Each structure stands twice: as C-alpha cells, then as structure tokens.
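So the chains spell out like this:
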Amino acid sequence: MQSFELIRPRGIDGILSDWHPGDAFIAGGTDLLQLMKNDVVAPERLTDLDNSDLHAISLVDGSLHLGALATMAEVAAHVDVKREWPVISQALLLSASPQVRNMGTVGGNLLQRTRCGYFRDVGFDCNKRRPGSGCPALRGDNRELAIFGGSSHCIATHPSDLPVALMALDAQLDLAAPGSGTRRLPLAQFYRLPGDTPHIETALRPGEMITNVVVPPGPHARNSLYVKVRDRTSFAFALVSAAVGLAVSDGVIRDARIALGGVGAMPWRLPHVEAALRGQRADTSVFETAAARAGDGAISAGLNKFKIELTRRTVLRALRTVAA
Amino acid sequence: METSNPTRRAVLGTAAALTAFSTAASRAARSEQPPASVSPPSQALIRVNGKQLTLELEPRTTLLDALREQTDLHGTKKGCDQGACGACTVHIDGKRVLSCLTLAVRCVGKEITTIEGLADGDTLHPMQAAFLAHDGMQCGYCTPGQIMSAVALVKEGHTQSDAEIAEWMSGNICRCGAYPNIVAAIREVVGPDGKRG
Ligand SMILES: Cc1cc2nc3c(=O)[nH]c(=O)nc-3n(C[C@H](O)[C@H](O)[C@H](O)COP(=O)(O)OP(=O)(O)OC[C@H]3O[C@@H](n4cnc5c(N)ncnc54)[C@H](O)[C@@H]3O)c2cc1C
Ligand code: SF4
Ligand code: FES
Ligand code: FES
C-alpha cells in the first residue's frame, strides 16, 4: 500500500471545508483498504468520516433515515427496519460476514467498487481502472458479470446487496458538497451506466459525500423480502439476487416492486415485470407469467449466460415466497 | 518482532510475499510506482487487552501488522489480508472486526481485545477450553480468529440452532474443515437451549 496522510476533521462542515482534490473519504475502510493494498486506487490523503456525526438511524414523518455512517450490522438489527422495511434487513444479513457488517457502513456499501477480477488486479487492462486500456472481461472470465446495462466498454456488475433493496423501495440520497450545500437525489439517478465512460460510476461531484439515505414507507415495503443465490451458502457475492415488495389487498396486487442484484451494471429495476403484476390476482400463474419476462433485454457475454434463466427463477421464487 | 521502523522496501516485500492471489504482473507494477506522499511514522498509544502500548504507526499500518510486527501478541493471524478469511478477527470496543482492514491509527482511544486477552491468568476462557475439549482445530492457524468470533457470537445471541451458529460463524474460514467440531465447542458453551452466554 502506498503512503498517504490521514486527517480526522469534525462534523460535515469540517470534513467538506478540509477537502481538496486527490482526497478520498474513509468510512469502515473494508473496501477502500482492499483496493489500496492492491494499488487499484492510491489516494494521497484520506479523510476519516468517523467524527462526521452521521451514525443515526431514525424515523422522520414515517420515512426511514439512515445516516451514511450507520453500520451494516446496526441497520440490519434495527427493530423499525425489520418491521417496516424487512428487505433492507435481509439484504444486509445476507451480505459479507458478521465482522465486515460491524465495520462496513451504509455510504461505503453504496459505493463499493465492482468485484470484476480484472478491475481488482493491476496486472490487467481495464477500462474502468485505466480508461481506454480495454476490457479483457468481454472475451475472458465473465461468468459473474452483467447481463443488464453493460456496454462494449465494460460489463461489470455493482456488487452490493443493500442498494438493490433501496432501489426497489425508491430510496433517495442526501448529498453534501464543498461550497454548494446539500441536494437530494433518487438512488435511481445516482448510479451511471458504463457507456463509453465506465470509470464514471455515480453522479457524485468532486468532494461530494453521502450524508443520509431516505426510504419511504408503504404496504409494499412492509411486505418485502430479499432472495440471494450464490455459489456457496454464505459469505459470497450474489450470482443473482432479487428484492421484491408486494402490496396485496383482497387478493389483488395493488403495487409491486422488483430490483435485481448481481446481474446489472447498477442495481436493476424491472418496471415491465412490475407492470405485469399490478392489478392482477396474487396467484402462481400470474407470478409465473410475470417472472418469465424477468430476463427480457438481457445480453450474455458467454460464461454468464446461465444468469438469464437464473434471474427468471429467482424472481419467481421471491414472488411466491413474499405472497405466501 | 520484525522491525519497529520498516522501510518502504521492507513493507512492500512483506506485502507481496503475503498476498496470496497477486500475479507476477501486478507485483512488477507495484514496485515501479513511487510513493505518492510520505507520512513519517509517529508514536501512538493503543490500548490492547487492558494495557497501553506505544507503537510506531504510519497511517497505512494496519492493526494486524502493528500487532504482529511491533508487539509480542502474535496470536492474531494473517490469512488473506483482504477481509475474506477471518483469521485476523479481534474485538474493538467489544465488537468482532477484521484487524487486516483496520488502520491502527484509527484505534487510538478504543479498547482492543486479542486472543491473548481472553484467558484469566492461567485459566482459559470457557470458549478456549471448549475448543480444546472438542478438537475444534487441526493445524490451528484459523483458531484464534474462530475463538474471537465465537466469543462475540455468544454475546450477540445467534446460537439458537447449529444452522444459526454456522451462518454467524461464516466469516471464519477453516482450510482444515474443523467446522463440525467448532460448532460442537460453541454448542457446549451456550448449552442445549442456546441461551447461555
Ligand atoms: C470478504 C468480503 C465479502 C463481502 N461480501 C459482500 C456481500 O456479499 N454483499 C455486499 O453488499 N457487500 C459485501 N462486501 C463489501 C462490504 O459490504 C463493503 O466493503 C462495505 O459495505 C463498504 O463500506 P465501508 O464503510 O467499509 O466503505 P469504505 O471502504 O470506507 O469506502 C468505500 C468507498 O466509499 C467511499 N465512501 C464511504 N463513505 C462515504 C460517504 N459517506 N460519502 C461519500 N463517499 C463515501 C470511500 O471513499 C470509498 O471510495 C464484502 C466485503 C468483503 C471484505
Ligand atoms: S468489465 Fe469493466 S471492470 Fe471488468 S475488466 Fe472490463 S472494463 Fe474493467
Ligand atoms: S487476514 Fe483474512 S480476513 Fe483479515
Ligand atoms: S484448523 Fe487449520 S485452518 Fe482451521
């Protein structure tokens, strides 16, 4: 790991006013330090977010507010989260390991970099790490990579589970930048598809930080769950995962939310499958018809072809389980 | 104790030798890069197992390397150095965390417990005794991390069934496959109703 300086300012104002180009924020450090050890990134200075005062989990007018520095373990265990937004708790409990969840934070999880093996090994070219150098994954080991949202420049997936749940729930992010105050942005507009600039991953401006995540409540949120399919039973990234929320009354689906993990360049919503469910009866044949369309638009790079059928089956299992 | 003031070359050498999955190409790329900035090591007081230790820390020194290279507390093990194996598990302020992904300078003012801090004099912690009784190890390399995780697990209360124990121990990998005996050891400590601890 290259040398760097570490500064520990107090409060959001202190953090933002101390920021200068070349700095990186460190929260739990669980992703950043892996990348620094492998020289994938080499910031000159780290700004420690520990004293940012952004650790709280609270309810504001019925909406859930997650401070960016709340740990994955704290959010997963929170009683209101478990009752009103169970898909969030489940997505987190199926993430990483207990030790990582005690360290990793909400903000850091949303900004975890891709697990594409070429990206994380500086011995290889990679358009995301070194723009214009090429993408060895297109013809190489792409078994774990994206079937939705990729481009001829990059087919990396976003690896985190929490933002899949948050995407299904229409979460919004509060962002704060040096000199320009705060703004609120839907999570759906936060992530950027790779196109021909795969190194630009989010809408974050220079020096801008995530301060807070806001999640609205609703019957679809209360009746929600997370299904994660992986190579081993525990402590592994998703091959395919599905966050689903269904609002059902009198046997009729009033609202449906579905987002996928492990398959998209960003957490991937399925609006056409949701539309196929709304207004229909909550029964197996409706679920089967809707889930059959979950792979529509998918593009395989070769070794990841199995994910298309696995996506349909994962969505079907999630729908049947949440309606049971 | 290897050296209290390692040179950059020595640090890189150690890191390269211990990074299990790095390729020859990435090692070459690593040594070509000049340091982006140099922060001299400075002295810091870190509280480990109830004692204040004075350590020479650069910002980049991990808690794992600080313990293993600057103290005689060698029980905490380095497996992957990437968060994936759990061999380096310690407790910070009572919570189980990975010392390989923790910067030591961020631990000032916190309470660290390592495997050496569990026993009470010559009396083993009940979890250590149970691992011995149930042969919860073969080569023993993962064992300090397993025991630190197991002690935290009991406190957290995720012990209602063997399946729940296995899930909440899944951050600790054992190449020797001692898993059934590890679960048996934890089961003994929590008792049949899964509630003690
Ligand atoms: C072995 C292993 C297995 C894992 N498995 C999974 C898994 O199955 N599912 C999963 O979802 N995750 C998994 N993870 C990833 C883990 O969840 C993330 O590393 C963690 O959530 C990152 O959070 P952090 O606080 O440690 O981030 P850091 O490492 O501190 O930061 C990550 C990035 O976010 C930036 N950042 C952090 N906070 C902010 C903020 N508030 N504003 C702006 N920028 C910020 C940092 O600058 C950095 O670029 C795994 C990790 C490991 C080590
Ligand atoms: S898929 Fe993206 S991250 Fe992976 S090698 Fe190609 S450009 Fe890099
Ligand atoms: S050494 Fe493997 S998790 Fe830290
Ligand atoms: S006892 Fe050998 S690795 Fe676990």
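Scroll up a little and you will see the structure.
Criteria and cut-off values
- Residues numbered from 1 in each chain as written.
- Chains lettered and ligands numbered in written order.
- Predicted model: local features only at pLDDT ≥ 70, side-chain atom pairs only at ≥ 80, totals over all residues.
- Heavy atoms only, no water.
- Helix = DSSP H or I, 4+ residues; strand = E, 2+ residues; numbered from the N terminus.
- Rg over C-alpha atoms; globule rule 2.2 N^0.38 Å.
- Buried < 20%, exposed > 50% of the residue type's maximum accessible area, 1.4 Å probe, protein only.
- Contact = heavy atoms within 4.5 Å.
- Areas by Shrake-Rupley, 256 points an atom, 1.4 Å probe, with all protein chains shown as cover.
- Pairing = 2+ DSSP bridges.
- Near = heavy atom within 4 Å.
- Polar contact = N/O pair within 3.5 Å; in protein donor to acceptor, adjacent residues only side chain to side chain.
- Axes fitted to C-alpha atoms, helices over the stretch in contact; angles between N-to-C directions.
- Nonpolar A, V, L, I, M, F, W, Y, C, P; charged D, E, K, R; others polar.

Undergrad: Would you take a moment to explain the overall build of chain A for this structure?
TA: Tallying secondary structure elements over chain A gives 12 helices and 12 strands in all. At 19 Å, chain A has a C-alpha radius of gyration in line with the 20 Å of a compact globule built from 324 residues. For chain A, the C-alpha atoms occupy an extent of roughly 60 × 50 × 35 Å along the three principal directions. Across the 324 residues that make up chain A, the buried fraction comes to 59%. Nonlocal contacts in chain A, meaning residues at least 24 apart in sequence, comprise 64% of its contacts between residues at least 6 apart. Carbon and sulfur atoms form 51% of the exposed surface of chain A, whose accessible area is close to 12400 Å².

Undergrad: Sorry, what's going on with the pairing of strand β4 (residues 57–60) of chain A here?
TA: Both faces of the sheet carry side chains from a regular strand, because those side chains alternate between them. All names here are of chain A. In the sheet, β4 pairs with strand β5 (residues 63–67) via four bridges, with the strands oriented antiparallel. Each residue of the ladder has a partner; that of Leu59, found in β5, is Leu64. Here β4 hands over to β5 after two residues, with Asp61 in that stretch at a positive phi of 50°.

Undergrad: Looking at this model, I keep getting lost on the site of ligand 1. Mind explaining?
TA: Neighbouring ligand 1 are 33 residues; Phe25, Gly29, Thr30, Thr105 and Asp161 of chain A lie closest to it. At the site occupied by ligand 1, nearby residues are drawn from chains A and B. At a separation of 2.8 Å, an oxygen atom of ligand 1 approaches a polar backbone atom of Gly28 of chain A. In the model, a nitrogen atom of ligand 1 is placed 3.3 Å from a nitrogen or oxygen of the Gln112 of chain A side chain. Calculation on ligand 1 without its partners gives an accessible area of 980 Å², and the protein chains cover 94% of this total. At the level of elements, β2 (23–26), α2 (32–37), α7 (106–110) and β8 (209–215) of chain A are the ones that each hand at least two residues to the shell around ligand 1. Among the elements that take part in the shell around ligand 1, α7 of chain A stands out by supplying three residues, more than any other.

Undergrad: Just to check I follow, could you spell out the sheet that holds strand β7 (residues 181–186) of chain A for this structure?
TA: Sheet strands associate in pairs through backbone hydrogen bonding, adopting either a parallel or an antiparallel arrangement. All names here are of chain A. Spatial ordering of the open sheet is given by β4-β5-β8-β6-β7, a layout of five strands whose pairing is antiparallel. Strand pairing shows two members of the sheet lacking a second neighbour, β4 and β7, which therefore form its edges. Strand-to-strand, the axes of this sheet are offset by a mean angle of 25°, without reference to chain direction. Strands in contact with helix α1 (residues 11–18) are β6 (172–177) and β8; relative to β8, the strand with the most contacts, it is inclined by about 140°.

Undergrad: What's the story with the site of ligand 2 in this structure? I'm lost.
TA: What surrounds ligand 2 is a group of 13 residues, the closest being Cys116, Cys126, Cys135, Cys154 and Ile155 of chain A. Of the residues assigned to the shell around ligand 2, the class counts are 10 nonpolar, two polar and one charged.

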